[in-house]
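Here is what each chain is made of, one letter per residue.
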Amino acid sequence: MQPCTLCPRKCGADRTKTAGFCGAKSKIKIARAALHMWEEPCISGTHGSGTVFFSGCQLKCCFCQNYAISAENFGKEISIQHLCDIFVRLEQEGAHNINLVSPTPYVNYIIRALDKARPRLHIPIVYNSSGFENVETIDLLKGYIDIFLPDLKYKDSKRANRYAKAPDYYRVATMAIKSMYHSVGPAEFDENNLLKCGVMIRHMVMPGGRHDSIAIMNDIASYPFKDDILVSVMSQYTPSFNSHEYPEIDRRITSLEYDSVVNTMIDLGLTNGFMQKRSSAKKEYTPPFDLEGV
């Protein structure tokens, strides 16, 4: 972290003195730590996922629904011991797993907190990220993370550059996903159909992006390990943050856009996973960032 190279931006910031591109400085900062019911069924289960929302983000998409923490860096600074205690408390509250949302800027601290919590922690650890990750950072997490939950957002470099200033997004994300799979192996479920380990790729269909989405589905179908991972196609895109500055995405998706991607997913045999109902574009998927549980 001095200089910081944890994410593909490799901004080189000395985070003891200034924030990195992600907005993170040298202390852990989180905005919420509570049970969360709005993940896929095999993650949320019946009691909820023990979700810890970290402040900052290395990707910073212009339409982010979590912009209050990803772009505006709302949150509270806490210690490694406090983070450890949060993990343990969430398990005691009935969480099926510990779900780390946008954790990359804090990987070093998370590893230390998990080391402290390990004797008292018995549930899977989920790494929930944008997919824009360094392979080297993913390798650091081997033995600490049980479930990787990466986005795979854009294949077209022009779209990735326009909406996230990351033209190399797809190349970087696909390399990271392959490393994630090699780290945790095939998906496994417990007796209650909860995910114990594995990789679930999330893809959110965007306005005007169905051809890009279809190309991504075709690429996933070519992975040699495609039958050992899960794919979750989401319809929940809702205009937010700065989407009003991009007229082509300042709307919700149409049934045609979403159905064409889902049908492609089915035709390709990518049936291990989930697909949201077309009506899932609701604000409820974004929890209040009010320091609950912090």
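Quick notes on the rules
Residues numbered from 1 in each chain as written. Predicted model: local features only at pLDDT ≥ 70, side-chain atom pairs only at ≥ 80, totals over all residues. Heavy atoms only, no water. Helix = DSSP H or I, 4+ residues; strand = E, 2+ residues; numbered from the N terminus. Rg over C-alpha atoms; globule rule 2.2 N^0.38 Å. Buried < 20%, exposed > 50% of the residue type's maximum accessible area, 1.4 Å probe, protein only. Contact = heavy atoms within 4.5 Å. Areas by Shrake-Rupley, 256 points an atom, 1.4 Å probe, with all protein chains shown as cover. Lys, Arg positive; Asp, Glu negative; His and termini not counted. Charge placed at Lys NZ, Arg CZ, Asp CG, Glu CD. Salt bridge = Lys/Arg side-chain N within 4 Å of Asp/Glu carboxyl O. 1 Å grid on protein atoms, 1.4 Å probe; cavity = no way out; pocket = protein on both sides within 12 Å on 5 of 7 lines; lining within 4 Å. Points joined across faces, edges and corners; volume = space filled by probe spheres on them. Nonpolar A, V, L, I, M, F, W, Y, C, P; charged D, E, K, R; others polar. Axes fitted to C-alpha atoms, helices over the stretch in contact; angles between N-to-C directions. Parallel < 35°, antiparallel > 145°, perpendicular 65-115°, else oblique. Left-handed = near helix turned anticlockwise from the far one by under 90°. Arc of directions from axis to C-beta. Polar contact = N/O pair within 3.5 Å; in protein donor to acceptor, adjacent residues only side chain to side chain. Pairing = 2+ DSSP bridges. Right-handed = clockwise from strand over helix to strand, strands pointing away.

**Q** Hey, could you run me through the overall build of the protein chain in this one?
**A** When helices and strands are counted, the protein chain shows nine helices and 10 strands. Here the C-alpha atoms of the protein chain give a radius of gyration of 18 Å, agreeing with the 19 Å that 2.2 N^0.38 yields for 294 residues. In terms of overall dimensions, the protein chain has C-alpha extents of about 50 × 45 × 35 Å along its principal axes. The burial tally for the protein chain puts 56% of its 294 residues in the buried class. Contacts in the protein chain between residues at least 24 apart in sequence constitute 72% of all its contacts with a sequence separation of at least 6. Carbon and sulfur atoms provide 51% of the accessible area of the protein chain, an area that totals close to 12300 Å². Positive and negative side-chain charges in the protein chain, numbering 34 and 32 respectively, have mean positions lying 5 Å apart.

**Q** Please clarify how the pattern of salt bridges should be interpreted in this entry.
**A** Side chains bearing opposite charge may pair, as long as their charged atoms lie close to each other. Scanning the model with the defined rule gives 15 salt bridges in all. In this structure, the salt-bridge partner of Asp85 is Arg120, at a minimum N-O distance of 3.8 Å. Of the two residues, Asp85 sits in helix H3 (residues 80–92) while Arg120 sits in the loop between helix H4 (107–117) and strand S5 (125–129), which places them 35 residues apart along the sequence. Judged by relative accessible area, Asp85 falls into the partly exposed class, the value being 35%.

**Q** For this particular structure, what's the right way to read the layout of surface pockets?
**A** The method is simple in principle: a probe with the dimensions of a water molecule rolls over the atoms, and the space it marks as empty is what remains. Space inside the largest pocket adds up to approximately 890 Å³. Taken together, 41 residues line the largest pocket, and the ones lying closest to its centre are Gln65, Asp151, Arg202, Met234 and Gln236. Counting only elements with at least two residues in the lining of the largest pocket, the list comes to helix H2 (67–70), S5, strand S8 (195–204), strand S9 (230–234) and strand S10 (273–275). Broken down by element, the lining of the largest pocket gets its largest block of residues, three residues, from S8. By residue class, the composition of the lining of the largest pocket is 19 nonpolar, 16 polar and six charged.

**Q** It is not clear to me how the packing of H3 against H4 should be interpreted in this structure. Could you clarify?
**A** How two helices sit against one another is set out by the angle between their axes and by the gap between those axes. Packing of H3 against H4 leaves a shortest axis separation of 8 Å and a crossing angle of 55 degrees. Regarding the angle of H3 to H4, the classification is oblique. Judged by the sense of rotation from one axis to the other, the crossing of H3 with H4 is right-handed. Taken together, the residues of H4 that come into contact with H3 (itself represented by Ile80, Gln81, Leu83, Cys84, Phe87 and Val88) are Tyr109, Ile110, Arg112, Ala113, Leu114, Lys116 and Ala117. In the contact of H3 with H4, the residues fall into 10 nonpolar, one polar and two charged.

**Q** It is not clear to me how helix H6 (residues 157–164) should be interpreted in this structure. Could you clarify?
**A** Each α-helix winds once per 3.6 residues, and so residues spaced three or four apart point in a common direction. Along H6, the positions that sit buried rather than exposed are Arg159, Ala160, Tyr163 and Ala164. Buried positions in H6, seen along its axis, are confined to an arc of 100 degrees and lie on one side of it. Those residues of H6 hidden inside the fold are in contact with helix H7 (169–184) and helix H8 (210–221). Regarding H6, its N-cap is Asp156, as a side-chain oxygen of that residue lies 2.9 Å from the backbone nitrogen of Lys158 further along.

**Q** Would you take a moment to explain the pairing of S9 for this structure?
**A** Looking along a regular strand, one sees the side chains alternate between the two faces of the sheet. Burial within S9 is extensive, with five of its five residues counted as buried. Where S8 lies against S9, five bridges are found, and the strand directions are parallel. Of the residues in S9, the one forming a bridge with Ile201 is Val231. Each parallel crossover has a hand, and for S8 linked through H8 to S9 it is right-handed. In this sheet, S10 lies alongside S9 in parallel orientation, the contact comprising three bridges. The residue bridging Ser232 from the neighbouring strand is Phe274, located in S10. Of the crossover connections in this fold, the one passing from S9 over helix H9 (residues 255–267) to the parallel S10 is right-handed.

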